[in-house]
Amino acid sequence: MEHGGVVTIVVAVIGLLLVAAAAAIGLKRTRLPYTVGLVLLGLVLGALADRVEWLAPLRELTLSPEIILFIFLPTLIFESAFNLDARLLSQNMAPVLTLAIPGLLLSTAIVGGLLTLVTSLPLGSALLFGALISATDPVAVIALFRELGAPKRLTILVEGESLFNDATAIVLFRIVLMVVAGGVLAAGTLGRGVVEFVVVFVGGLIVGVIIGYLMIRTIALARDEPLVEVTLSTVVAYAAFIVADHYLRVSGVMATVGAGLIIGTLGSTKFTPEVRTYLHQFWEYAAFVANSLIFLLVGLTVKLSGLVTFAGAIGWAVLAAVVARAAVVFGLIPVVNRLSKADAINRRNQTVLFWGGLRGAVALALVLSIPADFPQRGMLVALATGVVLFTIVTSGVTMKPLMHGLGLDRPTLVERLGRLQAVLAAKRAAFARVDELGTAGHFSNRLITDVGNRYLEEMTAVERDLDTLRSGLATDEMRRVLWAEALTVERHRYREMFDRGIISEPVLRELELSVDLRRDQLKRNDIPREIVAAAPIEVRFGTQLLKLLGRVFPRSRVVQRHRLRALAARYERDTAVLDACEYVMTEVTRLAELTGVESSVADECRAVYEAQAGDVMVRIDEVAEHFPEYVQAAQHQTVQRIALDGEADAIEELASTGAIPPGVAQSARRAVEAAERRLARQPISALEPNPEDLLARVPFFQGLSAEDFQSVVGLLVPRTVLAGDTVIRQGDRGSSLFLIARGVVAVIVAFPGKPPKRVASLHAGEFFGEMSLLTQAPRSATVQAVTGCQLYELSGEDVDRLSERVPAVKQALLDAYEERRRSGQRPSLSS
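Now for a description of the structure that goes with this document.

Re unusual backbone geometry
Working step 1: Despite not being glycine, arginine 249 shows a phi value in the positive range, around 60°.
Working step 2: Within the secondary structure, arginine 249 sits in the loop between α11 (226–247) and α12 (252–270).
Working step 3: The exposure class of arginine 249 is exposed, given its relative accessible area of 60%.
Working step 4: Notably, glutamine 376 is not glycine yet its phi reads approximately 65°, a positive angle.

Observations concerning the pattern of salt bridges
Working step 1: Within this structure, the stated rule accounts for 21 salt bridges.
Working step 2: In this structure, arginine 606 and aspartate 603 form a salt bridge, with 2.9 Å as the shortest nitrogen-oxygen distance. Pair noted here: arginine 606 and aspartate 603 are both in helix α25 (residues 599–626), with a separation of 3 residues, about one helical turn.
Working step 3: Each of Arg491, Arg495, Glu512, Asp516 and Arg519 takes part in salt bridges that share partners, so that together they form one network.

Overview of the sheet that holds strand β1 (residues 717–721)
Working step 1: Taken in spatial order, the 4 strands of this open sheet run β1-β8-β3-β6, and their pairing is antiparallel. Only two strands of the sheet have a single neighbouring strand rather than two, namely β1 and β6 (767–768).
Working step 2: For β1 and strand β8 (residues 789–794), the ladder comprises 5 bridges, and the chain directions are antiparallel. By the bridge assignment for β8, valine 721 is matched with cysteine 789.

So, a nonpolar patch on the surface
Working step 1: On the surface, a cluster of nonpolar side chains totalling about 630 Å² of accessible area is made up of Val194, Val198, Val202, Ile206, Ile210, Tyr213 and Leu214.
Working step 2: Position of valine 202 among the secondary structure elements: in helix α10 (residues 187–221).

Topic: the packing of helix α15 (residues 311–339) against helix α16 (residues 347–355)
Relative orientation and spacing of two packed helices are given, respectively, by the angle between their axes and the distance between those axes.
Working step 1: Interhelical geometry of α15 versus α16 gives an angle of 145° and a closest axis separation of 9 Å. In this structure, α15 meets α16 at a crossing whose hand is right-handed. Of the residues in α16, those in contact with Val322, Arg325, Ala326, Val329, Phe330, Ile333, Pro334 and Asn337 of α15 are Arg347, Gln350, Thr351, Leu353 and Phe354.
Working step 2: Its residues placed into classes, the contact of α15 with α16 shows 8 nonpolar, 3 polar and 2 charged.

Things to note about the side chain of aspartate 516
Working step 1: Here aspartate 516 lies in helix α22 (residues 505–523).
Working step 2: Looking at aspartate 516, the relative accessible area reads 13%, which means it is buried.
Working step 3: A polar contact is formed between the side chain of aspartate 516 and the side chain of arginine 491, at a distance of 3.2 Å.
Working step 4: Non-local contacts of aspartate 516, meaning those with residues more than four positions away in its chain, are made with Arg87 and Arg491.

So, helix α7 (residues 123–133)
Working step 1: Across the 11 residues that make up α7, a large majority, 8, are buried.
Working step 2: Burial in α7 covers these residues: Ser125, Ala126, Leu128, Phe129, Gly130, Ala131, Leu132 and Ile133.

Here's the deal with the packing of aromatic side chains
Working step 1: Applying the stated criterion across every chain, the model contains 11 aromatic pairs.
Working step 2: Considering the side-chain rings of phenylalanine 70 and phenylalanine 241, the 5.5 Å spacing of their centres and the 90° angle between planes classify their relative orientation as edge-to-face. Of this pair, phenylalanine 70 sits in helix α3 (residues 65–82) while phenylalanine 241 sits in helix α11, and the two are 171 residues apart along the sequence.
Working step 3: On the basis of relative accessibility, which here comes to 28%, the residue phenylalanine 70 falls in the partly exposed class.
Working step 4: Judged by relative accessible area, which is 2%, phenylalanine 241 ranks as buried.
Working step 5: Through pairs of rings, three or more aromatic residues link up here, namely Phe78, Phe82, Phe282 and Trp283.

Describing the sheet that holds strand β2 (residues 726–728)
Working step 1: Strand order across the open sheet formed by 4 strands is β2-β7-β4-β5, with antiparallel pairing between neighbours. Lying at the two open borders of the sheet, with one neighbouring strand each, are β2 and β5 (757–762). Between one strand and the next, the sheet's axes are offset by a mean angle of 30°, whatever the strand orientation.
Working step 2: One ladder, built from 2 bridges, connects β2 with strand β7 (residues 782–785); its direction is antiparallel. Counterpart to threonine 726 in the pairing with β7 is glutamine 784.

Rules used in this analysis
- Residues numbered from 1 in each chain as written.
- Predicted model: local features only at pLDDT ≥ 70, side-chain atom pairs only at ≥ 80, totals over all residues.
- Heavy atoms only, no water.
- Helix = DSSP H or I, 4+ residues; strand = E, 2+ residues; numbered from the N terminus.
- Buried < 20%, exposed > 50% of the residue type's maximum accessible area, 1.4 Å probe, protein only.
- Salt bridge = Lys/Arg side-chain N within 4 Å of Asp/Glu carboxyl O.
- Pairing = 2+ DSSP bridges.
- Patch = residues over 30% accessible without salt bridge, like charges linked within 9 Å, V, L, I, M, F, W, Y side chains within 5 Å.
- Areas by Shrake-Rupley, 256 points an atom, 1.4 Å probe, with all protein chains shown as cover.
- Axes fitted to C-alpha atoms, helices over the stretch in contact; angles between N-to-C directions.
- Left-handed = near helix turned anticlockwise from the far one by under 90°.
- Contact = heavy atoms within 4.5 Å.
- Nonpolar A, V, L, I, M, F, W, Y, C, P; charged D, E, K, R; others polar.
- Polar contact = N/O pair within 3.5 Å; in protein donor to acceptor, adjacent residues only side chain to side chain.
- Phe/Tyr/Trp six-rings, centres within 6.5 Å; stacked < 30°, edge-to-face > 60°.

This is the structure in structure tokens:
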């Protein structure tokens, strides 16, 4: 491209960005949605560009499919997926996927069938148009939802459907185009099309998840480098799309969705709070630029003369698209409501889903990608452009009145209560600040009094509104309000502990999920009286994989290290829960004052958290009793982390006041960050079992010489067992002997015709498994860990070799069996 051409395009793009910025400011004063205003401005600029010389650079801009798919679409898809609530999406996956896959297929069939009947399009071309025009692009609707504070579930349904059906539409469009171009519609072709659809759709998602996960690991290396992290996130968005679509021939949209969800979900704990804010702002800006240019270019490239030529067909296409959308939403959603366990999607939300199904950039990109020699291409372009313009303008303009009419723009009583509480807290803080100014000595007393009185009047008015609102809430509703506030405080406390380096990422994710599950209980009018044990899906997957590995390779060092980390994580989680419970208990009084609940409701909430604190304290004491070295190391590490946090705060305060030069502050920050990284790992070495423990605890080892004991140590295989894990199971065959170094296990026997019964407990210094070892019979009892345990396993062969060298070992096993038999216990108690 010549130098002059490059300058012309740059000038045109800069001019469009200037128009977009001016429109964003000017359209706020009108009722016209931003995206609709941009399209109309684009139409005006397109008409003027042919007549006004200084607008000539705009003629150089065209909206090609490559620009949409490879420049704009990755940004828009990634930004949407990155900001999406993955957990809320998973809860609504049934309706989202129903609308995105079966819904799009149904829409394609209806649009294609209707246009075949009422226009000159043959069936193949009509189905091709049905596939491309069924992709929704609700940018204007989502922006309106955010402005009005629409229900989160409605937002996730609209945005989730758009993400997935973009991918479905692109894949289906390519399959239909291949079939139409081939000229043969055979059963084999359809079968291959279905298989290709599944491979392309799922394959794209897998590619995106892999790229996103690899990149999140890379981004973690650039901690506290926001420019590098933003750059890497940009690489992820485009690499996922291009690698999937261009090189692997799977869905680039699904790859970008997968990568965005991974970065948005896992990245919440990989990034510092400052970087998280920076990333969200960057991607919001990128999406703003992409959307602004797309809608302006839509207006610029539309040829109104072409639309007039096919005006009749465009009318039928609009009608077909509206009918198809109604059939999809009002036909499939009731079916999902009956089959799904989730809350039903009511008719008001269905109406918004129906009318909010705007068409946009994806439809235009697909229609423009049709080969130039394709029959009816000009007509298909005109139809797609007409439908896109109609849905953007009509739905964009009427959505706000529709939502107002349906009552979806009105906050709930609980939301109104929260807003008034926030306003009251702000007014009180402002009044306190004004009162402080009165003591400064250089402000007029009259001024301070006037401003203070104004704030007092405003606080009185807000308190009056709060009292009125509270009087309209039943006791159960007020209880839910208090509990919602308490859970918010608890979740914030966990995030604060993570940001200070006190708890690790996996523990934070587990605790946040636990709070979210209790919030779900609260929505079902069920007070969450117990802490819900939960783990994110990737943690559960990893745990199950390592459990399987442990069954195949029980003596694996990898499995042992994983169990040590899990044991450390449980202690870390319990200490975090204890801290959060104690903090919430101190905050309940303040929360009760804000919400205005009765003292009995506050006492009930405080009592629940007190009971939860008592439960975790018991578990913490158990760990301290059985693993004192680890507890001491963990507490030492926590103190160091808190001290480093204090160092960091002091450095920031000195830097903000100019007490130290920026270069010195940066050097000090890096020193603190290096120390924090050294403390990032759990001190699991303190959990490593020590064979010396057996000398003091296992009776038949106490008579061994140091030399003999060291020979025994070489035969011992350490086994870390978590509370609740089964060590041996009744009925299984085995010949290993287990010695307890730390912890407590329960012996459980299932008698014929009766439920399993706990018949004994074994502690440090005791052993089990000798019955099967001596008799070669199946295990006659199940042994399960009551607490985290450190065990040592000796195989039957090693026990025989040890008995030959130290006869006391074999005799101790026989004596144990005989003593249990004489005392009336079943031999299986230790087997």
